[in-house]
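# Coordinate inspection notes
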Amino acid sequence: MKQFRRCQRILILSLLSLSVLAPVFFVSHRLKNLASVGRKEFIEDLATIKYRRDDLRLKSIQQESGEGLKEPRLVVYKDKDQNSTVRYSSSEDIRDLEMSAIDGETTNALANRNETDNEKEQGDEQVQQIRISNVFQEKGQFNSQLREITEARMKETRDLLHNKEAHHDRNVHTQSQRVTDEKIREMKDQLIRAKAYLNFAPPGSNSHLVKELRLRIKEVERAVGERTKDSELSRSALQKMRHMEASLSKASAVYPDCSAMTAKLRAMAHTTEEQVRSQKKQATYLVHLAARTTPKGLHCLAMRLTSEYFALEPEERQLPSQQKLRNLHDPNLYHYVVFSDNILACAVVVSSTVSAAVEPKKIVFHVVTDSLNFPAISMWFILNPPGKATIQIQNIDSFDWLFTKYNNPLLKQESSDSRFTFQLNHLRFYLPEIFPALDKVVLFDHDVVVQKDLTGLWHLDMKGKVVGAVQTCLKGKSSYRRMDSFLNFSDPFVAKSFDINACTWAFGLNLFDLQEWRKQNLTALYHRYLQMGSERPLWMAGSLPLGWVTFYKKTVALDRRWHITGLGYESELISMEVERAAVLHFDGIMKPWLDIAIGKYKQYWNKFVKFDHPYLQQCNIHE
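Residues numbered from 1 in each chain as written. Predicted model: local features only at pLDDT ≥ 70, side-chain atom pairs only at ≥ 80, totals over all residues. Heavy atoms only, no water.

- Under an unreviewed UniProt entry, the name given to the protein is Hexosyltransferase, and the organism recorded is Cannabis sativa.
- Recorded in UniProt for the protein, the comment headed Pathway (unreviewed entry) runs: "Glycan metabolism; pectin biosynthesis."
- Quoted verbatim from the Subcellular location (unreviewed entry) field of UniProt, the annotation for the protein is "Golgi apparatus membrane". (UniProt positions renumbered as here; feature names shortened; annotations may be inferred.)

If you want it as C-alpha cells, here you go:
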C-alpha cells in the first residue's frame, strides 16, 4: 500500500513538472526564432535597401507589411526673384520612422508579456532586448546615412542650378553688350538705302517722295551725329528712325526693281572703298610730310639763337673753353659723337648722357652739323654748357679733306627721300678721318635718350671687330630685319658676297674701334660699295644697308639692354624693357619733337628739354 502511494505521488509530481516546464520551453523557443528572423530581416534591409514581408507571423500581434523603399522625389520651383530651390519630399522617411516606432512598441509589449509569464526567463529576455535594440540602432544609423546622402544631393543640385543661372546671366550680359549699337547701325543702314533710292530719281526731280527722303536723311543724320551707343540716342531719334522706315517702305513700292538696287549699292560700296583707299594714301603722305618738315617752333628757335650768336664778339663764341681744349684729343676719355642739324635733339642727347653719367668730367661730346645750323647749336651750348663735361661743335664745311680727297662722294646716292642722302648721315663712315687722334668713339643718332651710365660700354672686349651694335635678327621683335629687306639678292654679286640669313644690326648706339677700322681700311671699302650701288640697284638708299655691307662680319653683338629701338614706330613695346634699357632710340618717322610722336614714349624725351627756357617759351615750344 505504501509502495503504491509512493508511485502515485511520483506520477503526479512528474505530470505537474511537465505542465510547468512545457510552457517555458515553448515560449523560449518562440523568442529565439523571433530574434534570429528579425536580425536577418534588418541585415537584408541594409544589403538590398528594401523592406520584405516577414514569413513568420506572431499570433499575439499582427505584423504590418512593409513597402519597397522609393527614392526621394525631386521638386524644383522658382520664386519671383528667379532663385531656384530644390526640395525633397520626406513622406517615405516619416513613414519609415513610424514603422520603426510600431516595431519597437511591438517588441516591448512582447517582452513585458514574457516577463509576466515567467520571471525565471528574465535573463534570456534581456539578451533578446539587447539584440533587438542593436537591430533598431543599425536601422537608425541607416536612416541618418540616408538623410546625409539626401542633403548632399540637394546641395549638388542647388549648386548646379546656381551655376546655370550665373552662366545664363553672363550670356545675357554679353549679348546686351554686343547689341549696344544695334539701333545706330540700323539707322546708318537706313541712310544708305535712302541715298540709294534718291539716286533712282530722275535728275532735277522734286517729287513728294524725294523731298520726304531728303528730309528723313537730314533728320536721321542729326539724330546719329557722332554717337556710337544706343544709350546715347534720344527718344526722338527712335521716332525719326520709324519715320525713315515708313518712307523707305514707300520708296520700295515705287522702285521695286531689286537688281537695280543691288547694282546701285555695289557701285556705292566700290566708291566708298576708293574713298577709303584715297584717304589712307593721303594720311600716309601727310604723316611722312610732317616727319620731313621742321616744326615752326624749332625754326623759330634756330632763328633766335642764330641772331644771338652773331651778336656775340668772336672771342665769346669760343667753345669749349681754353682749359678743356686738351680733352678733345685725349684717348683716355669717353668720346661721344653726334651728327645732327636739330638743336633740341642735340640738347637732349647731351643732357641725358651727362645726367646719367657717374663721371661726367670724363665725357667729351663732339657734335657735327652743317653750316646752316652751326651758329644756333653753338649758341645753345654757350648759353647751356653741359656742366663738367666737354663739348665741341664742328662744321661739316670745315672738313676740306672730304671734298679734296674723296670728291664729295655723298652726292652719288639718289633717292626721293632726302633723309637717305643727307650728308650728316653718311659722315659716320669717315670717323677715323674726323678724329685721327682717337682710338674709340661711341656714335649716337640724334633721336636717342640715355637713361643709364655708359661707362661699362667702353670696357667691352671687341674681339678684333670694328663695330659693336645691338642685333635686329630676333624673330618676333618689332625691330626684326632681314638682309634681303634692304639688299637685292637677285643680283649675282650680292648673292655671292653676302649671306641672306646673316644677322642684321641697328645704328643708334654703336661703339667703334677706330684703330681696327684704319687697319682694315674700311672707308675705302665703303667708297667701293657706294660706287657700285650708284651704277646698279644693289641695295636701298641710306646709310643702314651700306653699313651692313661695309661692316659685314666685322660686328660684335651688344646686349639688348644697352639699346632698345622702335620708339618712333612701335607703340606696343614692353614697358619693362623700355625702363631697363640704357639708351632709347626713337627710330622711325614719329620723332619725339613732332606732334605725331607716340604719346606714351614722349615723356622720356620731354624730361630733358628745358621748357622753361625763355627762347622755348617765346617760340611756343611746350610739352
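### Examining the overall build of the protein
- In terms of helices and strands, the protein carries 20 helices and 12 strands.
- Looking at the 623 residues of the protein, the share that counts as buried comes to 39%.
- Sequence separation of 24 or more characterises 75% of the internal contacts of the protein that already satisfy a separation of 6 or more.
- When the accessible surface of the protein is split by element, carbon and sulfur atoms take 53% of a total near 37,100 Å². (Helix = DSSP H or I, 4+ residues; strand = E, 2+ residues; numbered from the N terminus. Buried < 20%, exposed > 50% of the residue type's maximum accessible area, 1.4 Å probe, protein only. Contact = heavy atoms within 4.5 Å. Areas by Shrake-Rupley, 256 points an atom, 1.4 Å probe, with all protein chains shown as cover.)

### Here's the deal with the pattern of salt bridges
- Counted by the stated rule, this structure contains 13 salt bridges.
- With a shortest N-O distance of 3.9 Å, Glu 245 and Arg 193 are connected by a salt bridge. You can see Glu 245 sitting in helix α6 (residues 235–254) and its partner Arg 193 sitting in helix α4 (residues 182–200), a full 52 residues away along the chain.
- When its relative accessible area of 32% is taken as the criterion, Arg 193 is described as partly exposed. (Salt bridge = Lys/Arg side-chain N within 4 Å of Asp/Glu carboxyl O.)

### What to know about the environment of Ala 437
- Take Ala 437: it is sitting in the loop between α13 (431–434) and β6 (440–444).
- Taking relative accessible area as the criterion, Ala 437 reaches 37% and is therefore assigned partly exposed.
- Residues Ala 437 and Gln 515, 78 residues apart in the sequence, show an inter-C-alpha distance of 9.9 Å.
- Not counting residues within four places of it along the chain, the set of residues in contact with Ala 437 comprises His 329 and Pro 331.

### Here we look at the pairing of strand β4 (residues 363–369)
- Counting buried positions along β4 yields seven of seven residues, so the element is predominantly enclosed.
- Burial along β4 is two-sided: the face carrying Ile 363, Phe 365, Val 367 and Thr 369 and the face carrying Val 364, His 366 and Val 368 are both buried.
- With six bridges connecting them, strand β3 (residues 334–339) and β4 associate as parallel partners. Paired with Val 338 across the bridge in β4 is Val 367.
- The parallel pair β3 and β4 is bridged by helix α9 (residues 343–356), and the resulting crossover is right-handed.
- Summarising the sheet, β4 and strand β5 (residues 390–395) pair through six bridges and their orientation is parallel. Bridged to Val 368 within β5 is Gln 394.
- You can see the chain leave β4, run along helix α10 (residues 374–383) and come back into β5, and the turn it takes is right-handed. (Pairing = 2+ DSSP bridges. Right-handed = clockwise from strand over helix to strand, strands pointing away.)

### Remarks on the sheet that holds strand β7 (residues 448–450)
- The strand order across the open sheet built from three strands is β7-β12-β11, with neighbouring strands paired in mixed fashion. Here the strands that pair on one side only, and so sit at the sheet edges, are β7 and β11 (563–564).
- Note that β7 and strand β12 (residues 583–585) share three bridges and pair antiparallel. When the sheet's bridge partners are listed, Val 448 is paired in β12 with His 585.

### Things to note about the environment of Leu 198
- Here Leu 198 shows up in helix α4.
- Along the chain, Leu 198 and Leu 213 lie 15 residues apart, while their C-alpha atoms are 7.4 Å from each other.
- With residues near it in sequence (within four places) discarded, Leu 198 still touches Val 210, Leu 213, Arg 214 and Ile 217.

### Remarks on the sheet that holds β6
- Across the sheet, seven strands lie side by side as β5-β4-β3-β6-β9-β8-β10; this open sheet has mixed pairing. Every other strand in the sheet has two partners, leaving β5 and β10 (555–557) as the edge strands with one partner each. On average, each strand axis in the sheet is tilted by 25 degrees relative to the strand beside it, whichever way the strands run.
- α10 contacts β4 and β5 of the sheet and is inclined by roughly 170 degrees relative to β5. (Axes fitted to C-alpha atoms, helices over the stretch in contact; angles between N-to-C directions.)

### Observations concerning the environment of Thr 504
- Within the element layout of this structure, Thr 504 appears in the loop between α14 (492–497) and β9 (509–513).
- For Thr 504 and Tyr 480, which are 24 residues apart along the polypeptide, the C-alpha to C-alpha distance reads 8.4 Å.
- Those residues within four positions of Thr 504 in sequence are excluded, and the remaining contacts are Gln 471, Thr 472, Cys 473, Arg 481, Arg 482, Met 483 and Trp 548.
- A polar side-chain atom of Thr 504 sits 2.6 Å from a polar atom in the side chain of Thr 472. (Polar contact = N/O pair within 3.5 Å; in protein donor to acceptor, adjacent residues only side chain to side chain.)

### Focus: helix α16 (residues 522–535)
- Between its terminal C-alpha atoms α16 stretches 20 Å, which fits the 20 Å expected from 14 residues at 1.5 Å a residue.
- Listed in full, the buried residues belonging to α16 are Leu 522, Thr 523, Leu 525, Tyr 526, His 527, Tyr 529, Leu 530 and Met 532.
- Looking at the packing, one finds that the buried side of α16 touches α12 (423–426), α13, α14, α15 (514–520) and α17 (543–550). (Expected span 1.5 Å × (residues − 1).)

### Points about the packing of α9 against α10
- One way to put it is that α9 packs onto α10 with a least axis distance of 10 Å and a crossing angle of 40 degrees. With respect to each other, α9 and α10 are oriented oblique. At the point where α9 passes α10, the crossing takes the right-handed sense. Between α9 and α10, the contacting residues are Ile 343, Cys 346, Ala 347 and Val 350 on the first element and Ala 376, Ile 377, Trp 380 and Phe 381 on the second.
- Here the contact of α9 with α10 is built from residues that sort into eight nonpolar, no polar and no charged. (Parallel < 35°, antiparallel > 145°, perpendicular 65-115°, else oblique. Left-handed = near helix turned anticlockwise from the far one by under 90°. Nonpolar A, V, L, I, M, F, W, Y, C, P; charged D, E, K, R; others polar.)

### A closer look at unusual backbone geometry
- In the Ramachandran plot, Lys 463 falls in the positive-phi region, its phi being about 55 degrees despite a non-glycine side chain.
- Within the fold, Lys 463 resides in the loop between β7 and β8 (467–469).
- On the basis of relative accessible area, Lys 463 is assigned to the exposed category, the value being 63%.
- Although it is not a glycine, Asn 620 adopts a positive phi angle of roughly 55 degrees.
- With respect to the secondary-structure elements, Asn 620 resides in the segment after α20 (614–618).
- Judged by relative accessible area, Asn 620 falls into the exposed class, the value being 59%.

### Remarks on the nonpolar core
- Residues Leu 301, Tyr 336, Phe 365, Phe 444 and Leu 584 are the most contacted members of the largest nonpolar core, which totals 69 residues.
- The element contributing the most residues to this core is α9, with 10 residues.
- Aside from chain neighbours lying at most four places away, what touches Phe 444 is Tyr 336, Val 337, Val 338, Phe 339, Val 349, Thr 353, Phe 365, Val 450, Leu 454, Gly 508, Leu 509 and Val 583. (Core = buried A, V, L, I, M, F, W, Y, C linked by side-chain atoms within 4.5 Å.)

### Here we look at α6
- Compared with the 28 Å implied by 1.5 Å per residue over 20 residues, the 30 Å span of α6 between its first and last C-alpha is a close match.
- Of all the positions in α6, only Ala 237, Met 241, Met 244, Ser 247, Leu 248 and Ala 251 are classed as buried. Angular distribution of buried residues about the axis of α6 spans 130 degrees; they occupy a single face of the element. For α6, exposure combined with an orientation more than 90 degrees from the buried face picks out Arg 235, Arg 242 and Ala 253. (Arc of directions from axis to C-beta.)

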